[in-house]
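Inside the fold
Listed here are the chains, written in short residue letters.
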Amino acid sequence: MKKVLVTGALILLLPTIGLAGEYNLTVDRVEIDTGEFVKEGVGYNGESPGPVLRFKEGEEVSINVTNNLDEMTSIHWHGIILPFQQDGVPGISFPGIKPGETFTYKFPITQSGTYWFHSHSGFQEPEGAYGSIIIEPKDREPFRYDREYVVQLTDKHPHSSERVMRNLKVMPDYYNREQQTVGEFFSDASENGFLNTVKDRLAWGDMRMMKADVEDLQGFTGLINGKGPKQNWTGIFEPGERIRLRFINSSAMTYFDIRIPGLNMTVVQADGNNVQPVSVDEFRIGVAETYDVIVRPKDDQAYTIFAESMGRTGYARATLAPEEGMEAPVPGLREPARLTMADMGGMPGMDHGDMSGMDHGDMDSSTEMAGMDHSQMKGMDHSKMKGMDDSKMTGMDHSKMAGMDHGSMAMSDGGPSDPFYAQGSGLVPEAANGGKFLSYADLKAQKPLYEEREPTREIELRLTGNMERYTWSINGVKYEDADPIRLKYGERVRFKFVNETMMTHPMHLHGMWSILDVGAGQWNPIKHTVSVQPGTTVYMETEVDAPGQWAFHCHLTYHMAAGMFRKVIVEGGPESTQATSSEQSVDVGGDA
Amino acid sequence: MKRWTPLIVSAVLGLGVLPALVSAQERIKDTTERKQPLKVWGAQFEELEYRYSDNDEEVGVWDADFFYGTDNLKARWLSSGEYSFDEQAYESLENQLVGQIPISKFFDAKAGVRFDTPEGPDRTYAVLGVAGLAPQWFEIDANLYMSKDGDTSADLDAEYELLFTNYWILTASLDATVAFSEDREIGVGKGLVSTEVGLRLSYDLIDRAVSPYVGIVHERKYGDSADFARADGGSTEDWFAVVGARLSF
């Protein structure tokens, strides 16, 4: 019996033996020059961003990570499915890597696509400790390209991350320089009427919420592959070539809207998983997400990759050009984003009935109807959806529901809409050229990863916080006070995210895939990070197929540090049942 | 589906080759900083200014705030004073040490002690207060004081910021003191004691850390307190031109 097992294991090992790669990374103090300012930071192999790690699907990798810092470090392989001890979260996967120590990560590569890695210790990641991962698939890819580039974005701030955190705690609007001014009051008043503007300001003042509260951290320089806008990272191409751009958002806090004026982008992959190709003019990349797009510049000219922050307070810029040194015009920033009452729709205890008159200030009469209807619907909507969930809602079609709402409630088309934003939201993106802007609703898996089945249970996670105190939490409880979320190996959990805050939260579950419900049933896209917009409810399902304990958190650095974080424990699994019980005894005693 | 095979491979590998994978007993408790309450400190001079009055009096004034703590509990040292350059003496000098806890979404409660050690008699008070953000963006700080001799008083501090731009900010402030009993020795009469109204136009020069300002301040004493001031040869109403800086570290 034993012999058979060993032989079996050996046979299974054979194909992987040829594919065992060893990689070395050092974690170092580095200098980061953004072209605007120079700053000390953390990097890998002497630079930030770190190297591009190229793996092959089926490979067994060992990665030696040497810590040259004088503090603990760690590397988390973002989006990689692996044994939990290799996941790199101190306090959850392993104790961390001590100064001077070399830790060897070992795990099999069972997937392909674009991913990234970063430190999960303290604020090392926003200080520069990140790099990219490209995994070549075993099989042929369903799209062709002649050339590829990693396009890794970040939002580099002149302040140290410790200082940013402290400033946000002391004064949550410390970095917000897009607040509404006296001037904006008068321009709004001339546009929407004095009384409406006063009403609008009173409504927001009553909530003590700011319309301008879109980005917590302004004043950053957007970097692409470590280069600031002036340094202009350039990717070379020959006209007519298909170029695969692997976009990775490694920002601490910033969502980017990305476009390449003059080029259509075909989105072929999201979070490392192939999607049915969608042709878009622009797309929004949430913090920690990745999107692979294919572009085909036919002309002998330069093209600007323009990544504008969601709040329009900063940008990153790079160039695709036939030759080094060529440049294309750099667009200006669009008007700063403003939240609307619809974005507040998720807040508990809000008087929706009161709101109808208050949207006047920031919406024209057609959008105003939509916003109004939405605010009245909000409560209904949710309760309806809940009821439906209970019966049978796996194949729920968000886009259809939103469509229904439009049809039945809104009197006229109220500007841009996206089922993953609150109806009438001020954050709904619009393509700069008036063309197609990618929505989550457009993402359909190329090949289902799992067999479609009913979720075994639903877990509601309310995304909560208090902007004035800069506390962030899940279900009103910060990580420091929270018990772990316990899942059972083999179940399929439906997570219901209810965003009760006015900020967007990119929720990242480690170790297991997040199957985002876009209403496409078995074609729902497979992601590792799911953005939940203010005032919305988003569902994702997870096949609980990875034993151990995992991190689950908002990927905005300062939200995570302020408490929007959970430990997830997967009980049971193929290993042994006694492991679970012993783990339970450890955890209940210590972690509660 | 294609990913099932490697998963099985890895499972078998895990069982056969990497014994570490099996030992779930190694699962650890999170003792990292992430699991600890976030500790924050702050140091701020809301006012640090030179005042020049309408009767040529020159005064140095500060209003400072230092704190350390977590979301649930902060220790705060509040210091304020007025130094008269003419008399080379502290017209007022007040230090408070308080503990602060959140009591609602936007408000905190404070409790502690206040030591007044200006030129003249000293006083020690017990302090009970609330501070926070009221609707329509009014910063409120209201306190009740009781001295060792049982004299009680209260003050209310309200502040509102008007953004001309995101850097040019006009701050309006109102400070009112009410006494529920007389303390003749320090010139406090029963009833409304005094008000201080200020308008300061500041510019955020370095982030929000250094914001120089100019402004005007109006101080007035009322009722018995005004009578006491007159009897002691002091003024009951003053206008000041002020120049200073708001500092935050």
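Residues numbered from 1 in each chain as written. Chains lettered and ligands numbered in written order. Predicted model: local features only at pLDDT ≥ 70, side-chain atom pairs only at ≥ 80, totals over all residues.

1. Structural notes on the overall build of chain A
When helices and strands are counted, chain A shows eight helices and 30 strands. Counting over 592 residues, chain A shows a buried share of 55%. Residue pairs at least 24 apart in sequence account for 77% of intrachain contacts in chain A once pairs closer than 6 positions are excluded. (Helix = DSSP H or I, 4+ residues; strand = E, 2+ residues; numbered from the N terminus. Buried ≥ 20, exposed ≤ 12 C-beta atoms within 10 Å, placed from the backbone. Contact = placed C-beta atoms within 7 Å.)

2. Some details on the overall build of chain B
What chain B contains, in helices and strands, is two helices and twelve strands. The order of α-helices and β-strands along chain B, N terminus first, is α-β-β-β-β-β-β-β-β-β-β-β-α-β. Taking all 249 residues of chain B together, 23% fall into the buried category. At a minimum sequence separation of 6, the contacts of chain B that also span at least 24 residues come to 43%.

3. Considerations on unusual backbone geometry
All names here are of chain A. In this structure, Pro-49 follows Ser-48 across a cis peptide bond, with omega equal to 0 degrees. Within the fold, Pro-49 resides in the loop between β2 (38-44) and β3 (52-56). In the Ramachandran plot, Asn-45 falls in the positive-phi region, its phi being about 50 degrees despite a non-glycine side chain. Phi is positive for Tyr-470, which is not a glycine, with a value near 50 degrees. Locating Tyr-470 in the fold gives a position in the loop between β20 (457-466) and β21 (471-474).

4. Topic: the nonpolar core
Residue and element names in this part refer to chain A. Among the nonpolar cores identified, the biggest contains 141 residues, and Ile-133, Val-151, Val-267, Val-293 and Ile-305 are the most heavily contacted of them. A total of five residues in this core trace back to one element, the largest contributor, which is strand β19 (residues 315-321). Contact partners of Val-267, with chain neighbours within four places excluded, come to Val-275, Pro-277, Val-278, Val-280, Phe-283, Tyr-291, Val-293 and Leu-438. (Core = buried A, V, L, I, M, F, W, Y, C linked by C-beta atoms within 7 Å.)

5. Examining the environment of Gly-521 of chain A
When you line up the elements, Gly-521 of chain A lands in the loop between β25 (514-516) and β26 (526-527). On the neighbour-count criterion, Gly-521 of chain A (15 C-beta atoms within 10 Å) is partly exposed.

6. Brief notes about the sheet that holds β2 of chain A
Residue and element names in this part refer to chain A. A sheet is described by the order of its strands in space; here four strands give the open sequence β2-β1-β4-β6, paired in mixed fashion. Strand pairing shows two members of the sheet lacking a second neighbour, β2 and β6 (102-108), which therefore form its edges. Neighbour-to-neighbour, the strand axes of this sheet turn through a mean angle of 20 degrees, independent of strand direction. Of the pairings in the sheet, the one linking strand β4 (residues 60-67) to β6 comprises seven bridges and is antiparallel in character. The residue bridging Asn-64 from the neighbouring strand is Thr-104, located in β6. (Pairing = 2+ DSSP bridges. Axes fitted to C-alpha atoms, helices over the stretch in contact; angles between N-to-C directions.)

7. With respect to the confidence of the model for chain A
Counting all residues, the mean pLDDT for chain A is 86, and 83% of those residues have values of 70 or more. Low confidence marks residues 351-413 of chain A, where pLDDT is under 50. Its contacts with residues over four positions away, or in another chain, come to 89 contacts. (pLDDT = per-residue confidence, 0-100.)

8. Considering helix α2 (residues 223-231) of chain B
Residue and element names in this part refer to chain B. Of the positions making up α2, those classed as buried are Ser-225, Ala-226 and Phe-228. Along α2, the residues classed as buried sweep out an arc of 160 degrees about the axis, all on the same side. In α2, the exposed positions that point more than 90 degrees away from the buried face belong to Arg-230 and Ala-231. Elements that come into contact with the buried residues of α2 comprise β10 (191-203) and β11 (210-221). (Arc of directions from axis to C-beta.)

9. What about helix α4 (residues 194-207) of chain A?
All names here are of chain A. Taking 1.5 Å per residue, 14 residues should reach 20 Å; α4 reaches 20 Å between its end C-alpha atoms and fits that length. Inspection of α4 places Asn-196, Thr-197, Asp-200, Arg-201, Ala-203 and Trp-204 among the buried residues, and these make up the whole buried set. Across the axial projection of α4, the buried residues extend over an arc of 155 degrees, all falling on one side. Exposed positions of α4 whose direction lies more than 90 degrees from the buried face are Phe-194 and Leu-195. Here the buried face of α4 lies against α3 (182-192). (Expected span 1.5 Å × (residues − 1).)

10. A few points about the sheet that holds strand β4 (residues 89-102) of chain B
Residue and element names in this part refer to chain B. If you trace the twelve strands once around the closed barrel, you get β1-β2-β3-β4-β5-β6-β7-β8-β9-β10-β11-β12, paired in antiparallel fashion. Averaged over all adjacent pairs, the angle separating strand axes in this sheet is 20 degrees, with direction ignored. Against the sheet, α2 engages β10 and β11, with an angle of about 85 degrees to β10.

11. Thoughts on the pairing of strand β14 (residues 265-270) of chain A
All names here are of chain A. Judged by how many residues are buried, β14 sits mostly within the fold: five of six residues are covered. Here β14 runs beside strand β15 (residues 273-280); their pairing, made up of five bridges, is antiparallel. Paired with Val-267 across the bridge in β15 is Val-278. Remark: two residues form the turn of the hairpin made by β14 and β15, two consecutive strands paired antiparallel; Asp-271 in that turn has positive phi of roughly 50 degrees. Here four bridges tie β14 to strand β17 (residues 290-295), and the two strands are oriented antiparallel to one another. Each bridged residue has a counterpart across the sheet, and for Gln-269 the counterpart in β17 is Asp-292.

12. Considerations on the environment of Met-347 of chain A
With respect to the helices, strands and loops of the structure, Met-347 of chain A is situated in the loop between β19 and α5 (365-392). Here the alpha-carbon distance between Met-347 of chain A and Asp-299 of chain A, two residues 48 residues apart in the chain, equals 50 Å.

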